[in-house]
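The primary structure of each chain is shown beneath.
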Amino acid sequence: METIRHNEETLRTALISNHKDVIELYEKFSPRVKRLLEEAFRPDGTLFKPIELYSKSDWILSHPEPKQDFYTFYSSPQRKAPILRKNIIYIQTIGSFGDSEATTEMYIQWLKEYCEAFFYGLMVKFLDPVSVSQIGCVFRINTYSHNLQIRSGNILKYLKKKKPKDAFCIVGITMIDLYPEDSWNFVFGQASLTEGMGVFSFARYDDDFYTMNYKGRLTKKKHLAPDDYSVFDGYYTPPITSKLLLRSCKALLRWIEEDSDPEFLARKMLISLKPMEAFKEWKEWLLQCLRFLEE
């Protein structure tokens, strides 16, 4: 395992930058907000921990990128921001989710709530679900993991045609594994920032995906006809657990007022019966941030 650590000066420059306007804005923050942000600069801080890499194939090691401070990110022409008539996130489901229609509807509602909470002020709408055959995806069986895969580029072309005029972006989600081209083993997702669209698969978030117990493995060798989509009928999809919900929310959030009365929030959570176990760590982190702001 390798740990990436930076000194206080490097981290402070990354956040505040060397740009005069950003420095002046930072100085206007209240002492409480500064105390929270500056916790990130401390080597022994508890809120913002160093990055840990577990293998040489980790994205950061295998895809080196130039350093970027906050101002460079914020002023990038590739960074998209919603405008008045383009402020809706559209989500397109592809294939089945869960083992029943009720499970699918429940998962979609949870995902919608989380996206609207994170992208505060933006509306999230789900388009009518589509099957793999409706999109006309090229598909294959992965040579190594022996599961079905669909080609992500075909989905992006479909989403581009389907994107509504009032969309901030359109996102395809699926429980079927993806690959971008024949030479690739798989890809978690593929997106175009300039076109405002992307597609993401949650197939590999199944706890058993990398084991022989994965139910999506095809046990018998099959010759797939390029237009025979019946192979997807009844194909396995991962159970919707709190871990899968957390990971799918994080995947969407990376690419893209009611009073907060604790009793109201508790009642709302009890009624919706969301699987929340995997969110406990993040809940505790947010509570720690709030404590910094309240001190």
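Small disclaimer: the values here were computed from a predicted structure and weren't measured.

(A) Examining helix α6 (residues 101–118) more closely. Compared with an ideal rise of 1.5 Å per residue, which puts 18 residues at 26 Å, α6 spans 26 Å between its outermost C-alpha atoms and is within 8% of the ideal. Of all the residues in α6, the buried ones are Thr103, Thr104, Tyr107, Ile108, Trp110, Leu111, Tyr114 and Cys115. Down the axis of α6, the buried side of the element spans an arc of 165°, and every buried residue falls inside it. Along α6, exposed side chains directed more than 90 degrees from the buried face belong to Glu101, Ala102 and Ala117.

(B) Fine view of helix α1 (residues 8–16). The residue sitting at the N-terminus of α1 and contributing the capping side-chain oxygen is Asn7; that oxygen lies 3.3 Å from the backbone nitrogen of Glu9. Just downstream of α1 lies Ser17, where phi reads positive at about 65°.

(C) Layout of unusual backbone geometry. Of note, the phi angle at Ser17 is positive, near 65°, even though the residue is not glycine. Mapping Ser17 onto the fold places it in the loop between α1 and α2 (20–27). Positive phi is not limited to glycine here, since His146 has a value of about 60°. Looking at the secondary structure, you find His146 in the loop between β5 (139–141) and β6 (148–151).

(D) Quick peek at the pairing of strand β10 (residues 197–201). Among the 5 residues that make up β10, 5 are buried, leaving the element largely enclosed by the rest of the structure. Neither face of β10 is left uncovered, since the one carrying Met197, Val199 and Ser201 and the one carrying Gly198 and Phe200 both have all their residues buried. Bridge count for strand β7 (residues 167–174) against β10 is 5 bridges, and the pairing is parallel. Residue pairing across strands places Thr174 opposite Ser201, the latter belonging to β10. Pairing of strand β9 (residues 189–192) with β10 involves 4 bridges; the strand directions are antiparallel. When the sheet's bridge partners are listed, Gln190 is paired in β10 with Val199. Connecting β9 to the next strand, β10, in antiparallel fashion are 4 residues, including Gly196 with a positive phi near 65°.

(E) Structural context of a nonpolar patch on the surface. Together, Leu15, Phe70, Phe73 and Tyr74 make up a nonpolar patch on the protein surface, roughly 370 Å² of accessible area in all. Residue placement: Leu15 occurs in helix α1. Taking relative accessible area as the criterion, Leu15 reaches 30% and is therefore assigned partly exposed.

(F) Spatial organisation of the packing of aromatic side chains. Tallying each qualifying case throughout the model produces 13 aromatic pairs. Arranged with centres 5.9 Å apart and planes meeting at 85°, the rings of Phe48 and Trp285 form a pair that is edge-to-face. With a relative accessible area of 32%, Phe48 lands in the partly exposed category. With 5.8 Å between their ring centres and 15° between their planes, Phe202 and Tyr205 make a pair best called stacked. Using a relative accessible area of 0% as the deciding quantity, one classes Phe202 as buried. What makes Tyr205 buried here is its relative accessible area of 15%. In this structure an aromatic cluster arises from ring pairing among Phe186, Phe188, Phe202 and Tyr205. Positioned over the ring face of Tyr179 is Arg140, at 3.9 Å from the centre of the ring.

Criteria and thresholds
Residues numbered from 1 in each chain as written. Predicted model: local features only at pLDDT ≥ 70, side-chain atom pairs only at ≥ 80, totals over all residues. Heavy atoms only, no water. Helix = DSSP H or I, 4+ residues; strand = E, 2+ residues; numbered from the N terminus. Expected span 1.5 Å × (residues − 1). Buried < 20%, exposed > 50% of the residue type's maximum accessible area, 1.4 Å probe, protein only. Arc of directions from axis to C-beta. Polar contact = N/O pair within 3.5 Å; in protein donor to acceptor, adjacent residues only side chain to side chain. Pairing = 2+ DSSP bridges. Patch = residues over 30% accessible without salt bridge, like charges linked within 9 Å, V, L, I, M, F, W, Y side chains within 5 Å. Areas by Shrake-Rupley, 256 points an atom, 1.4 Å probe, with all protein chains shown as cover. Salt bridge = Lys/Arg side-chain N within 4 Å of Asp/Glu carboxyl O. Phe/Tyr/Trp six-rings, centres within 6.5 Å; stacked < 30°, edge-to-face > 60°. Lys NZ or Arg CZ within 6 Å of the ring centre and 35° of its normal.

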